[in-house]
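So you can see what is in the structure, the chains are spelled out below.
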Amino acid sequence: MKKFTTNLPTLAATFAALALAAITVPAAAQSAGQWTVKVGENLITPKVSSGDLSGPGLGGVKVDVNSAYAPIVAATYMVTDNVSTELVLGLPYRHDMIGKGSIDGVGKIGDVQQLPPTLFVQYRFMEPQAKLRPYVGLGLTYAYFRDAHASPTLVALLGPTNIEIDAKFGITPQIGATYSINDRWFLDTALTKTYLKTTATLDSSGTKRTIDTKLDPVAFSISVGYKF
C-alpha cells in the first residue's frame, strides 16, 4: 500500500489559530436542534478480496487496490441531545489498482476515482456540555466510480482496454469522538468500515471480461468543526 504523510505542524497551527479566533464566541452545547459543520481529511484503505478475471486469455488474474486520501466536509444535525444525523461528502479519491494472482508483481494495472457520500445516524454519549463525546453510528454509503484508466501494463497484457466499475450501496458502521476546543470549535476523529462489493468490466476491443471484488474499505478521518 502507498504511504501518506500529513503536515502535523501546519495542522496543529491551524487548529490553534481557530481556537484563538473563537475565544469570544458565545457558548453552545452539542444539544437538540443544533447544527455543526466540520472539514478535515480522510484516508481510505480498501481491504480487498478479489475474484478471478473472467473471459479468454490470462487465467487467475486478481486485483488489489491502494489507499487514497482526500478532503471531506460533513454537516451534522442534533435530533436530540444524544441522537444525530450526519452527511459526509468529499472530493474524489484516486485509487491505483494493482495486479495480483497470476500477474502478481506487474504493479499498477489501472486507476479510478471514487466518491463515497455517506449518511449516518449516530448516538453520542455523555452530556451535551461534555468536553469529550464519544459516538457510534451506522451509515449508508453510495460508492460511485468514474474516470477509470488502464495502465500501459494492462494494455500490454490485454490490448487497449476500457474499464467500468459498477456503483454500489454499502453499510458503514462508525465509531468516533469529538473534543471541544471551546464553546464553538471542536476536533473530531472517526473510524469507519464499509461493507462493499462491486464488479469491474474490462472491454478490450470488444472482448469483455469481468471481475468481482470485495473492497470493504476502512477509513480514518481527522477534522475540525464549528457549532452553530
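Please refer to the structure placed before this passage.
Conventions we followed
- Residues take numbers from 1 onward in each chain, read along the sequence in its written order.
- Local features in this predicted model are restricted to residues whose pLDDT is 70 or higher, and side-chain atom pairs enter the listing and the counts only when it is 80 or higher, whereas totals over whole chains, interfaces and linings include all residues.
- Computation of side-chain values: all heavy atoms of the structure, hydrogens and water removed.
- By definition, any uninterrupted DSSP run of H or I lasting at least four residues is a helix, any uninterrupted run of E lasting at least two residues is a strand, and each is numbered from the N terminus.
- Relative accessibility decides the category of a residue: with a 1.4 Å probe and only protein chains considered, values under 20% of the type maximum give buried, values over 50% give exposed, and everything between is partly exposed.
- In this description, contact between two residues means that some pair of their heavy atoms is separated by no more than 4.5 Å.
- What makes a salt bridge here is a side-chain nitrogen of Lys or Arg within 4 Å of a carboxyl oxygen of Asp or Glu, nothing more.
- For two strands to be treated as a pair, DSSP must find at least two bridges joining them.
- Here a Phe, Tyr or Trp ring, Trp counted by its six-membered ring, pairs with any other such ring whose centre lies within 6.5 Å, and the pair is stacked when the planes are under 30 degrees apart, edge-to-face when over 60, and tilted otherwise.
- Only lysine NZ and arginine CZ atoms are considered, and such an atom sits over a ring when it is within 6 Å of the ring centre and within 35 degrees of the ring normal.

Engineer: So what's going on with the environment of Gly 225? Residues and values would help.
Structural biologist: Mapping Gly 225 onto the fold places it in strand E15 (residues 218-227). What makes Gly 225 buried here is its relative accessible area of 1%. For the pair formed by Gly 225 and Gly 40, sequence separation is 185 residues and the distance between their alpha carbons is 8.6 Å. Ignoring any residue separated from it by four or fewer positions in sequence, one finds Gly 225 in contact with Val 37, Lys 38, Arg 184, Trp 185 and Phe 186.

Engineer: So what's going on with the side chain of Ser 50? Which residues, and what values?
Structural biologist: The residue Ser 50 is located in strand E2 (residues 49-50) in this model. When its relative accessible area of 17% is taken as the criterion, Ser 50 is described as buried. For Ser 50, the residues in contact, after removing those within four places along its chain, are Lys 62, Val 63, Ile 211, Asp 212 and Thr 213.

Engineer: Please give an account of the pattern of salt bridges that cites residues and values.
Structural biologist: All told, the structure shown has 9 salt bridges when counted by the stated rule. Across the salt bridge formed by Arg 94 and Asp 147, the nearest N and O atoms sit 2.6 Å from each other. With Arg 94 in strand E6 (residues 93-101) and Asp 147 in strand E9 (residues 132-150), this residue pair connects regions lying 53 residues apart in the sequence. Relative accessible area serves as the criterion here: at 31%, Arg 94 is assigned to the partly exposed category. Using a relative accessible area of 39% as the deciding quantity, one classes Asp 147 as partly exposed. Among the charged side chains, a network of salt bridges with common partners joins Arg 94, Asp 96, Lys 108, Asp 111 and Asp 147.

Engineer: Break down the sheet that holds strand E10 (residues 161-165) for me, with residues and values.
Structural biologist: With antiparallel pairing, 4 strands are arranged side by side in an open sheet as E2-E14-E13-E10. Whereas interior strands pair on both sides, the edge strands pair on one side only; in this sheet they are E2 and E10. Sheet topology note: the E2/strand E14 (residues 207-214) ladder contains 2 bridges and is antiparallel. Paired with Ser 49 across the two strands is Lys 214, which belongs to E14.

Engineer: Please set out the environment of Gly 57 residue by residue, giving values where relevant.
Structural biologist: Note that Gly 57 resides in the loop between E2 and strand E3 (61-65). Exposure remark for Gly 57: the relative accessible area of 72% places this residue in the exposed category. Note: C-alpha distance between Gly 57 and Leu 157 (100 residues apart in sequence) is 9.1 Å.

Engineer: Let's hear about the packing of aromatic side chains: which residues, and what values?
Structural biologist: Evaluation of the coordinates by the stated rule reveals 5 aromatic pairs. Aromatic pair Tyr 226 and Phe 228: ring centres 5.1 Å apart, planes at 80 degrees, arrangement edge-to-face. Tyr 226 gets classed as partly exposed once you look at its relative accessible area, which sits at 23%. Since its relative accessible area comes to 55%, Phe 228 is described here as exposed. Over the face of the ring belonging to Tyr 135 we find Arg 124, whose NZ or CZ atom lies 4.4 Å from the ring centre. The ring of Tyr 195 has Lys 193 sitting right over it, with the charged end atom 5.5 Å from the ring centre.

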